[in-house]
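In case you want the letters, here they are:
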Amino acid sequence: MRKYVLGAVVLILLIATVAFAFRPARVVPQPIAYPHKIHVVDNQMECLSCHVNADRSIAATIPSVTECMVCHENVKTDSPEIKKLAAYAQKNEEPPWVRVYGFPEEAAVYFSHKRHVKAGVDCSTCHGDMKNMMTPMKENIRWTMGKCIDCHREKKVSDDCLTCHK
Ligand code: HEC
Ligand code: HEC
Ligand code: HEC
Ligand code: HEC
Ligand code: HEC
């Protein structure tokens, strides 16, 4: 009898471990269901045309609603999502986009987009297949310290604690 109980416990732990390893990417609902694919693939927009600071600053940054309205003043104005967008623009407010990637404050991580983009690391290495991302928004890759350090060692970049922690 005890053998079966033990067997059942081991099986449950095994299932839980496998389920954790293959858990779906964290899904992040956004105030407006913004589809990357329609812009990047269907309309051939570059990542840097919206995330304009990714090659020149620490933060890649999200474009302002004014930037979106350059097109959406006229494009697809009958869509409920574009109506929401236009309402923010009217109020002179930014949509409260929810951050997808980031680190806990207490980890005091220093990360710079510019350093990586200038060194030729592709957006997709760190953010997965954003080109084809529809909604809802997903965190394709969960960034842990180990993953950062793996690449630094491979590329012979410093893995000193103070490189990434301030
Ligand atoms: C038309 C503008 C536009 C283009 C082009 C664009 N993005 Fe975005 N991106 C956004 C907006 C708006 C958000 C915030 C909404 C969201 O997270 O869905 C965002 C969010 C993101 C995020 C999540 C940021 C976070 O942590 O919250 C990543 C990563 C990203 N984009 C990467 C890319 C990459 C890579 C490309 C090129 C393949 C790209 N984007 C092209 C507008 C754009
Ligand atoms: C070496 C890995 C790496 C590369 C390459 C990279 N990112 Fe990121 N990205 C991150 C990490 C890590 C964060 C979270 C950073 C933080 O919170 O300090 C992030 C956050 C973001 C954000 C939201 C916060 C912000 O910076 O405004 C956007 C948007 C984004 N990335 C877009 C891009 C785009 C577009 C590219 C390519 C041009 C790119 N990233 C290349 C790792 C990377
Ligand atoms: C260069 C022009 C351009 C810019 C800039 C632009 N878009 Fe778009 N967007 C389009 C086009 C074109 C479509 C597809 C319209 C269609 O399906 O007929 C689209 C579709 C969309 C849709 C899907 C609407 C639906 O109901 O199908 C959303 C949401 C959206 N855009 C949000 C945004 C946001 C948010 C921004 C700013 C971060 C932005 N767009 C910037 C051209 C643009
Ligand atoms: C795919 C490879 C790759 C990944 C993943 C990566 N890095 Fe880097 N990182 C580099 C390269 C290459 C450089 C050197 C760039 C240069 O020479 O300017 C660098 C440089 C840096 C620097 C500046 C180092 C200095 O000496 O000033 C910091 C800080 C940094 N990375 C932090 C991070 C963090 C934090 C992560 C994880 C979120 C990360 N990196 C993930 C390749 C990577
Ligand atoms: C290449 C970049 C990189 C290097 C080098 C690095 N770290 Fe980290 N570290 C990170 C990132 C990114 C996180 C956040 C991971 C997450 O959010 O899961 C982190 C998280 C941590 C945390 C957890 C903080 C918390 O409580 O959330 C500690 C502690 C830590 N690092 C210590 C160190 C020490 C000690 C060293 C040197 C031996 C070191 N790190 C070197 C990138 C780095």
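Scroll up to find the structure this text is about.
Bear in mind that the values here come from a model prediction, so they are computed numbers and not experimental data.

Rules behind the numbers
Every chain is numbered independently, its residues counted from 1 as its sequence is written. Whichever chain is written first is A, and whichever ligand is written first is 1; the rest continue in order. Per-residue local features are limited, in this predicted model, to residues with pLDDT of at least 70; the limit for side-chain atom pairs, both in listing and counting, is 80 or more; totals at the level of whole chains, interfaces and linings are taken over all residues. Side-chain measures were taken over the full set of non-hydrogen atoms in the model, leaving aside hydrogen atoms and water. For Na, K and Ca the donor cut-off is 3.2 Å, while for other metals it is 2.8 Å, and in both cases only N, O and S atoms qualify; water is not among them, so sites may look incomplete. Buried means the residue's accessible area, taken with a 1.4 Å probe over protein chains only, is under 20% of the maximum for its type, while exposed means over 50%, and partly exposed covers the values in between. Here, a salt bridge means any Lys or Arg side-chain nitrogen found within 4 Å of an Asp or Glu carboxyl oxygen. A run of H or I in DSSP counts as a helix once it spans at least four residues, and a run of E counts as a strand once it spans at least two, with each numbered from the N terminus. We call a residue near a molecule or strand when any one of its heavy atoms sits within 4 Å of it. Here a polar contact means two N or O atoms within 3.5 Å. Within protein one must be a hydrogen donor candidate and the other an acceptor candidate, and residues neighboring in sequence count only if both atoms are side-chain atoms. Under the scheme applied, nonpolar residues are Ala, Val, Leu, Ile, Met, Phe, Trp, Tyr, Cys and Pro; charged residues are Asp, Glu, Lys and Arg; polar residues are all the others, including Gly.

## Thoughts on the coordination of the iron atom of ligand 3
- On the protein side, the iron atom of ligand 3 has His-39 (NE2) and His-72 (NE2) as donor atoms, found 1.9 Å from it.
- Note on His-39: relative accessible area 17%, which makes it buried.
- For His-72, a relative accessible area of 14% puts it in the buried group.

## With respect to the pattern of salt bridges
- Scanning all chains against the criterion turns up 5 salt bridges.
- A salt bridge links Glu-139 to Arg-26, with the shortest nitrogen-to-oxygen separation between them at 3.1 Å. Taken together, the residues Glu-139 in the loop between β2 (137–138) and α8 (145–154) and Arg-26 in the loop between α1 (2–21) and β1 (27–28) connect sequence positions 113 residues apart.
- For Arg-26, a relative accessible area of 43% translates into the label partly exposed.
- Across the pair Arg-153 and Asp-159 runs a salt bridge, and its minimum N-O distance is 2.7 Å.
- The class for Arg-153 is exposed, based on a relative accessible area of 55%.
- Residue Asp-159 is classed as partly exposed on the basis of its relative accessible area, which comes to 38%.
- Shared partners join several salt bridges into a network, and the residues in it are Arg-26, Glu-139 and Arg-142.

## Digging into the site of ligand 2
- Inspection of the region around ligand 2 gives 20 residues, with Thr-61, His-113, Cys-123, Cys-126 and His-127 positioned closest.
- Note that an oxygen atom of ligand 2 is positioned 2.8 Å from one of the side-chain N or O atoms of Arg-99.
- Interatomic distance of 2.8 Å between a side-chain N/O atom of His-127 and a nitrogen atom of ligand 2.
- Looking at the shell around ligand 2, the elements with two or more residues in it are α6 (113–118) and α7 (123–127).
- Tallied by class, residues from the shell around ligand 2 come to 12 nonpolar, 6 polar and 2 charged.

## Examining the site of ligand 4
- The full set close to ligand 4 counts 16 residues, and Arg-115, His-116, Cys-148, Cys-151 and His-152 are the nearest of them.
- Contacts to ligand 4 include His-116, whose side-chain N or O atom sits 2.8 Å from a nitrogen atom.
- Contact distances for ligand 4 include 2.8 Å between a nitrogen atom and a side-chain N or O atom of His-152.
- Of all the elements in the fold, those that place two or more residues in the shell around ligand 4 are α6, α8 and α9 (161–164).
- With 3 residues, the top contributor of residues to the shell around ligand 4 is α8.

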